Amino acid sequence: MSNSSFRGSVSSHIIDTSVVINLHACANGERILSAIPCDFLVASVVEAELDNEISRTNGEYSFLEMLVARRIVTVADLMDDEIELFGDLIAHLDDGEAATIAIAFHRQMTPVIDERKGRARATALGTLEPAWSLELLRHPSVIQSLGHRQSIETLYLALREGRMRIPHERTEEVISLLGEERAKECTCLPGYRARFGSVK
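Structural notes on unusual backbone geometry
No. 1: Positive phi values are uncommon outside glycine, yet alanine 27 reaches one of about 75°.
No. 2: Looking at the secondary structure, you find alanine 27 in the loop between helix H1 (17-25) and helix H2 (29-35).

Encoded structure:
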């Protein structure tokens, strides 16, 4: 997998709601973001999206608030020109995705988005190439920080608990890292039914 989105001089990345959920689910989200040498933002719309009973109960909202309090993530409000683009995008996308893409486009930041429709929309607009949650989890600095074994456990939890989406072309590599038996527990993997059959 290429980590091109996290190389070079790009200093800021803006993460979507599902990415926050994956980082929480993997149990090492704070360490992951702290290990990668760039700035991370989250749209205030994403923060509001997680301010609900389910996300408060399962800890996703408090996880994000902890990241903000420790200055690992900065909350970004939409500016006037971003609000206009956001308004256009919400006809097709969830609010969090739309806000993430609008800010990424106008501020020349890399959006971190896993959903196919959101990634396609960001690419069509001409944002910087969207990154995946998987790129965060498998960043060399993260693997070095967590160690090989814990980094694989982190990947497993993000897939099993967070239902993290990954690029189709990375499926074989991910299954190889997890092992077939653990991969069977990750029903969000691309081509799951064709490979493993129906969920038991």
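That covers the picture; the talk isn't over yet.
Digging into a negative patch on the surface
No. 1: On the surface, Asp80, Asp81, Glu84 and Asp88 cluster together into a negatively charged patch.
No. 2: Turning to its location among the elements, aspartate 80 is positioned in helix H6 (residues 80-89).

Observations concerning helix H11 (residues 148-160)
For an α-helix, 3.6 residues make a turn, and residues three or four places apart therefore share a direction.
No. 1: With 13 residues, H11 should cover 18 Å at 1.5 Å per step; its first-to-last C-alpha distance of 19 Å lies within 8% of that length.
No. 2: If you check which residues of H11 are buried, you get Ser151, Ile152, Thr154, Leu155, Tyr156, Leu157, Ala158 and Leu159.
No. 3: Turning to H11, the residues buried within the fold contact H1, H2, helix H9 (133-137), helix H10 (140-146), helix H12 (171-178) and helix H13 (180-183).

Points about the pattern of salt bridges
No. 1: Tallied over the full model, the rule gives 10 salt bridges.
No. 2: Between glutamate 173 and arginine 170 there is a salt bridge; the shortest N-O distance is 1.6 Å.
No. 3: Looking at arginine 170, the relative accessible area reads 11%, which means it is buried.
No. 4: Several salt bridges share partner residues, and in doing so they unite Arg160, Glu161 and Glu185 into one network.

Remarks on the environment of glycine 162
No. 1: Among the structural elements, glycine 162 can be located in the loop between H11 and H12.
No. 2: A relative accessible area of 15% means that glycine 162 is categorised as buried.
No. 3: Sequence spacing of glycine 162 and cysteine 26 is 136 residues, and the spatial spacing of their C-alpha atoms is 7.3 Å.
No. 4: Once residues within four sequence positions are removed from consideration, glycine 162 is found in contact with Ile21, Asn22, Ala25 and Leu157.

Observations regarding the packing of helix H7 (residues 95-107) against helix H8 (residues 116-125)
In a packed pair of helices, the relevant descriptors are the angle between the two axes and the axis-to-axis distance.
No. 1: At a minimum axis distance of 10 Å, the contact between H7 and H8 shows a crossing angle of 25°. Compared by their axis directions, H7 and H8 come out roughly parallel. In the crossing of H7 with H8, the sense of the turn from one axis to the other is right-handed. In this structure, H7 uses Glu97, Ile101 and Phe105 to contact H8, whose residues at the interface are Gly118, Arg121, Ala122 and Leu125.

Description of the sheet that holds strand S4 (residues 110-112)
No. 1: Strand order in the open sheet formed by 4 strands is S3-S2-S1-S4, with parallel pairing between adjacent strands. A strand with exactly one partner marks an edge of an open sheet, and here the two such strands are strand S3 (73-76) and S4. When the angles between neighbouring strand axes are averaged without regard to direction, this sheet yields 35°.
No. 2: The pairing of strand S1 (residues 12-15) with strand S2 (residues 39-43) spans 3 bridges and is parallel. The residue of S2 that forms the bridge with serine 12 is aspartate 39.
No. 3: Those strands touched by H7 are S1, S2, S3 and S4, and its axis lies near 165° from that of S1.

Some points on the environment of alanine 69
No. 1: Tracing the sequence through the fold places alanine 69 in helix H5 (residues 60-69).
No. 2: The class of alanine 69 is exposed, set by a relative accessible area of 63%.
No. 3: Expressed as a C-alpha distance, the spacing of alanine 69 and arginine 163, which sit 94 residues apart in the sequence, is 26 Å.

Rules behind the numbers
- Throughout this description, residue numbers start from 1 for each chain and increase along the sequence as written.
- With pLDDT at 70 or above as the cut-off, local features in this predicted model cover only qualifying residues; side-chain atom pairs require 80 or more to be listed or tallied, and sums for whole chains, interfaces and linings still use all residues.
- Side-chain calculation: all heavy atoms of the structure are included, whereas hydrogens and water are not.
- Secondary structure elements are taken from DSSP: a helix is a run of H or I of four residues or more, a strand is a run of E of two residues or more, and numbering for both begins at the N terminus.
- Residues qualify for a patch when their relative accessible area is over 30% and they have no salt bridge, like charges being joined within 9 Å and the nonpolar side chains of Val, Leu, Ile, Met, Phe, Trp and Tyr within 5 Å.
- Here the open area of atoms and residues is found with the Shrake-Rupley method and a 1.4 Å probe, where only the protein chains shown may cover a residue.
- Just to be clear on terms, a salt bridge is a Lys or Arg side-chain nitrogen sitting within 4 Å of an Asp or Glu carboxyl oxygen.
- His is not counted here, nor are the chain ends, while Lys and Arg score as positive and Asp and Glu score as negative.
- For charged residues, the charge sits on one atom: NZ in Lys, CZ in Arg, CG in Asp, CD in Glu.
- Between the first and last residue of a helix there are one fewer steps than residues, each counted as 1.5 Å, and that sum is the expected span.
- Each residue is placed in one exposure class: buried if its accessible area under a 1.4 Å probe, protein chains only, is under 20% of its type's maximum, exposed if it is over 50%, and partly exposed if it falls in between.
- Contacts are assigned to residue pairs that have any heavy atoms within 4.5 Å of one another.
- Interaxial angle, 0 to 180 degrees, is taken between N-to-C directions of lines fitted to C-alpha atoms, where a helix line uses only the stretch in contact.
- An angle counts as roughly parallel when it lies under 35 degrees, as roughly antiparallel when it exceeds 145, as roughly perpendicular when it falls between 65 and 115, and as oblique in every other case.
- Two helices crossing with the near one rotated counterclockwise from the far one by less than a right angle form a left-handed crossing, whereas a clockwise rotation gives a right-handed crossing.
- A pair of strands is considered paired only if DSSP assigns at least 2 bridges between the two.

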